[in-house]
Amino acid sequence: MKKIIIAIDGFSSCGKSTMAKTLARKLGYIYVDTGAMYRAVTLYAMRHQLINETGTVDEAALAKHMKAIHISFKINETTGRPDTYLNNECVENDIRTLAVSQQVSHIASIDFVREALVKQQQAMGKMKGIVMDGRDIGTTVFPQAELKIFVKASAEVRAQRRFDELKAKGMPADFNAILKNVEERDYMDSHREVSPLRQADDALVLDNSHMSIEAQDKWLLEQVEKVVGTMDYTPA
Ligand SMILES: Nc1ncnc2c1ncn2[C@@H]1O[C@H](COP(=O)(O)OP(=O)(O)O)[C@@H](O)[C@H]1O
Ligand SMILES: Nc1ccn([C@@H]2O[C@H](COP(=O)(O)OP(=O)(O)O)[C@@H](O)[C@H]2O)c(=O)n1
């Protein structure tokens, strides 16, 4: 069966990874969360004091450290989903904290960081059969992707979803702080010089503000089927 590249981009916390994971499982594709990669580099920079509280990065020092930063994904046997590893340490929860969210867009605006991660992402998609989510997948990583989706939802809806998620995990959560972070990251990600977040010209737009997870999964699968024809997949 023809394998394709599926690029899912959009604003922070709108459900990209939720839909990408489910779709990849249904199709038997590889799933890559590129946000987790930027978050892992950020965690490394924080742990090594390469970024200060206001988001100023010691770029010369970080550049030297880049070769020592190895990011990988391993399937978690309990959740069935990929966990993020930084130099062989599982950092799946550490990279999801608000502290990392508040710093990540600074790290993600640095050209040499993007260059290194984009190279790894492109290598992962060489064989196709991949669903990748992020900010620049349809524009920079895989401009040739056969299917591109751009997801949006109101900032309040997105902050509420993130708040509920952190609460459910028993992690600290403050709605106003999350909303502020979501809005600040949207701005920084859309206004940076290198690969800013923008909708690819040939992307399909999905506003899921008032859409259930089930409905968005169904919609997404329909878009895949339009591209590759009816597929033989295992329903989740
Ligand atoms: N359509 C939806 N309706 C309600 N909640 C959703 C929907 N899609 C995703 N979510 C929830 O929103 C939160 C953020 O989703 P996530 O996939 O992590 O977003 P992103 O990858 O865009 O940052 C998760 O807790 C997820 O379960
Ligand atoms: N392809 C990507 C993915 C993420 N990022 C950066 O990484 C941050 C975290 O991404 P994420 O997808 O984990 O963010 P959430 O939407 O899950 O909150 C984003 O706010 C961007 O600054 C990026 O620049 N390019």
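Residues numbered from 1 in each chain as written. Chains lettered and ligands numbered in written order. Predicted model: local features only at pLDDT ≥ 70, side-chain atom pairs only at ≥ 80, totals over all residues. Heavy atoms only, no water.

- Looking up the protein chain in an unreviewed UniProt entry gives the name Cytidylate kinase, with the organism given as Segatella oulorum F0390.
- According to the UniProt record, the Subcellular location (unreviewed entry) comment for the protein chain reads "Cytoplasm".
- Turning to the protein chain, the UniProt annotation filed under Sequence similarities (unreviewed entry) states: "Belongs to the cytidylate kinase family. Type 1 subfamily." (UniProt positions renumbered as here; feature names shortened; annotations may be inferred.)

## Some thoughts on the site of ligand 1
- Inspection of the region around ligand 1 gives 15 residues, with Lys16, Ser17, Thr18, Glu165 and Met211 positioned closest.
- Here an oxygen atom of ligand 1 and a backbone polar atom of Cys14 are 3.0 Å apart.
- Side-chain polar atom of Ser17 to an oxygen atom of ligand 1: 2.8 Å apart, as the coordinates give it.
- When isolated, ligand 1 has an accessible area of 560 Å², and the protein chains bury 81% of it.
- At the level of secondary structure, the elements contributing two or more residues to the shell around ligand 1 comprise α1 (16-27), α7 (155-168) and α9 (213-228).
- Partitioning the shell around ligand 1 into residue classes produces four nonpolar, six polar and five charged. (Near = heavy atom within 4 Å. Polar contact = N/O pair within 3.5 Å; in protein donor to acceptor, adjacent residues only side chain to side chain. Areas by Shrake-Rupley, 256 points an atom, 1.4 Å probe, with all protein chains shown as cover. Helix = DSSP H or I, 4+ residues; strand = E, 2+ residues; numbered from the N terminus. Nonpolar A, V, L, I, M, F, W, Y, C, P; charged D, E, K, R; others polar.)

## Considering the site of ligand 2
- In the vicinity of ligand 2 lie 19 residues, with Arg39, Arg114, Arg162, Asp189 and Arg192 positioned nearest.
- Within the contact set of ligand 2, an oxygen atom lies 3.3 Å away from a side-chain nitrogen or oxygen of Lys16.
- At 3.1 Å, a backbone N or O of Arg135 approaches a nitrogen atom of ligand 2.
- Its free accessible area being 530 Å², ligand 2 has 97% of it covered by the protein chains.
- For the shell around ligand 2, the secondary-structure elements that each account for two or more residues are α2 (34-47), α4 (98-107) and α8 (175-191).
- By residue class, the composition of the shell around ligand 2 is four nonpolar, six polar and nine charged.

## Some details on the UniProt feature "domain: Cytidylate kinase" (unreviewed entry) in the protein chain
- The sites that UniProt annotates as "domain: Cytidylate kinase" (unreviewed entry) are residues 6-215.
- As a span, residues 6-215 carries 46% helix and 17% strand, and end to end its C-alpha atoms are 18 Å apart.

## A word on the pattern of salt bridges
- Inspection of every chain in the model, using the stated rule, returns 14 salt bridges.
- Where Glu92 meets Arg96, a salt bridge forms, and the shortest distance between an N and an O atom there is 2.9 Å.
- What makes Glu92 buried here is its relative accessible area of 17%.
- Arg192 is the salt-bridge partner of Asp189, the closest N and O atoms lying 3.6 Å from each other. As far as burial versus exposure is concerned, Asp189 and Arg192 are alike and both buried.
- The network of salt bridges with shared partners includes Asp33, Glu92 and Arg96. (Salt bridge = Lys/Arg side-chain N within 4 Å of Asp/Glu carboxyl O. Buried < 20%, exposed > 50% of the residue type's maximum accessible area, 1.4 Å probe, protein only.)

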